[in-house]
Amino acid sequence: MTYRAAVIGCGRIGSTLADDPLLAGDVMTHAEAYFLSADVELVAVVDTDKASRERCAARWEVKDSYATAAELMQGSKPDIVSVCTPTGTHAAVIEELLSSGLLPKAILCEKPIAESLDDAERLVDLTEAKNVLLLVVHMRRYARNMQNLKQFLGDGGIGDLRGVSGWLTKGTLHNGTHWFDLLRFLVGEVESVSALDVLREPGSDPTLDVSLFLENGMCATMRAAEAANFTLCEMDILGTKGRARIVDSSYVVELTLAANSPRYVGYTELLPETTNFGDRKDVMRHAVEDIVRCLDNGSEPLSSGQDGVEALRIALAACESATTGRLVKLR
């Protein structure tokens, strides 16, 4: 079966990043992923800006373009809809899709799923009630290297896990939800959160220094760095037999394992180990493959609406803790 797809929001992640020459050969946008899929036909695009939607439609050889989600559902009847609009509009766009007489089979929403936890939970409830599959783009879940690392850690590749640390730029909600979701994906669920606003960045989404206490007893720390200097999203996982460092925006995993020291007799040190975990390319293409798999087989998505809720829950708890100065329990 070939599924009909549409993209709402013709900006960078929706479409235009595909024209970045440095990303050539790496499928990062929703439109390009649908365009290249053998199982999906991109039939329409939506944007409130007429010039943007017309450029997008021409770029991807799409006949239909619309200003609203309601017009899209009535005019093109897509099976899959990507929501690539600004975060503050996610809830309204998804609700508009769900209020249409013609429902999509699946919605793929950019993260964070919403600005408030109430909105996020309502969206999950609404999609479940209407039997619409909801997925949230935590892109690292679709990366082959992160999937292989998860298996490696689960198999005891660095022994029993002891703790996690890392660095982040560009906002606790905007980028932090990626970090928090990766922590859940690789290590475990978060029980409580404590945060400080050390950088005092301007704007509504500062990058916070966050301590996270996990249900398995471990502690994780996410440190804030200044985006004015460079972009950073790293995670360092320590175990009893080694260490896995996720660097270069998750494109690279550096592995060190415990071994006899080459310098000192009787010492055990962490030494570099050459291991190929795979690449982090084509994450959006893999996301589309996941949707098709779920629709074909009724299987669970790699990054569900509930995963979106949980990542947002952690981020909002961090914001609350930084404001109140108190530890925030998630449940």
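You'll find the structure just up there.
Here's what I pulled together on the structure shown here. Just so it is clear, the model here is predicted, and its values are computed rather than measured.

## Quick notes on the packing of helix 6 (residues 144–154) against helix 7 (residues 171–186)
For step 1, the next point in the chain: Interhelical geometry of helix 6 versus helix 7 gives an angle of 40 degrees and a closest axis separation of 9 Å. By the angle between their directions, the pair helix 6 and helix 7 is classed as oblique. Residues Met146, Gln147, Leu149, Lys150 and Leu153 of helix 6 pack against Leu182, Phe185 and Leu186 of helix 7.

## With respect to the sheet that holds strand 7 (residues 161–168)
For step 1, the next point in the chain: The nine strands are arranged 14-13-12-11-7-10-9-8-15 in an open sheet whose pairing can be described as mixed. Since the sheet does not close on itself, it has two edges, and those belong to strand 14 (268–273) and strand 15 (328–329), each with one partner.
For step 2, the next point in the chain: Alignment of strand 7 against strand 10 (residues 219–224), held across five bridges, turns out to be parallel. What sits directly across from Gly166, in strand 10, is Met222.
For step 3, the next point in the chain: Sheet strands in contact with helix 7 are strand 7, strand 8 (190–196), strand 9 (209–214), strand 10, strand 11 (233–239) and strand 12 (242–247), and its direction is about 160 degrees off that of strand 7.

## As for the sheet that holds strand 4 (residues 80–83)
For step 1, the next point in the chain: The six strands lie next to each other as 3-2-1-4-5-6, forming an open sheet whose pairing is parallel. Of all the strands in the sheet, the pair left with one neighbour each is strand 3 (64–66) and strand 6 (133–137). Between one strand axis and the next, the sheet turns through 25 degrees on average, direction left out of account.
For step 2, the next point in the chain: For strand 1 (residues 3–8) and strand 4, the ladder comprises four bridges, and the chain directions are parallel. Each bridged residue has a counterpart across the sheet, and for Ala5 the counterpart in strand 4 is Ile80.

## Observations concerning the packing of aromatic side chains
For step 1, the next point in the chain: The full count for this structure, using the stated rule, is four aromatic pairs.
For step 2, the next point in the chain: Pairing Tyr264 with Tyr267 gives two aromatic rings, centres 5.4 Å apart and planes at 55 degrees, and the pair type is tilted.
For step 3, the next point in the chain: A residue is classified by how much of its surface remains accessible, and Tyr264, at 46% relative accessible area, is partly exposed.
For step 4, the next point in the chain: In this structure, Arg59 is placed above the aromatic ring of Trp60, and the distance from its NZ or CZ to the ring centre is 4.0 Å.

So, how was this worked out
- Residues numbered from 1 in each chain as written.
- Predicted model: local features only at pLDDT ≥ 70, side-chain atom pairs only at ≥ 80, totals over all residues.
- Heavy atoms only, no water.
- Axes fitted to C-alpha atoms, helices over the stretch in contact; angles between N-to-C directions.
- Helix = DSSP H or I, 4+ residues; strand = E, 2+ residues; numbered from the N terminus.
- Parallel < 35°, antiparallel > 145°, perpendicular 65-115°, else oblique.
- Contact = heavy atoms within 4.5 Å.
- Pairing = 2+ DSSP bridges.
- Phe/Tyr/Trp six-rings, centres within 6.5 Å; stacked < 30°, edge-to-face > 60°.
- Buried < 20%, exposed > 50% of the residue type's maximum accessible area, 1.4 Å probe, protein only.
- Lys NZ or Arg CZ within 6 Å of the ring centre and 35° of its normal.

Everything listed here is a matter of geometry and, on its own, says nothing about what the molecule does.
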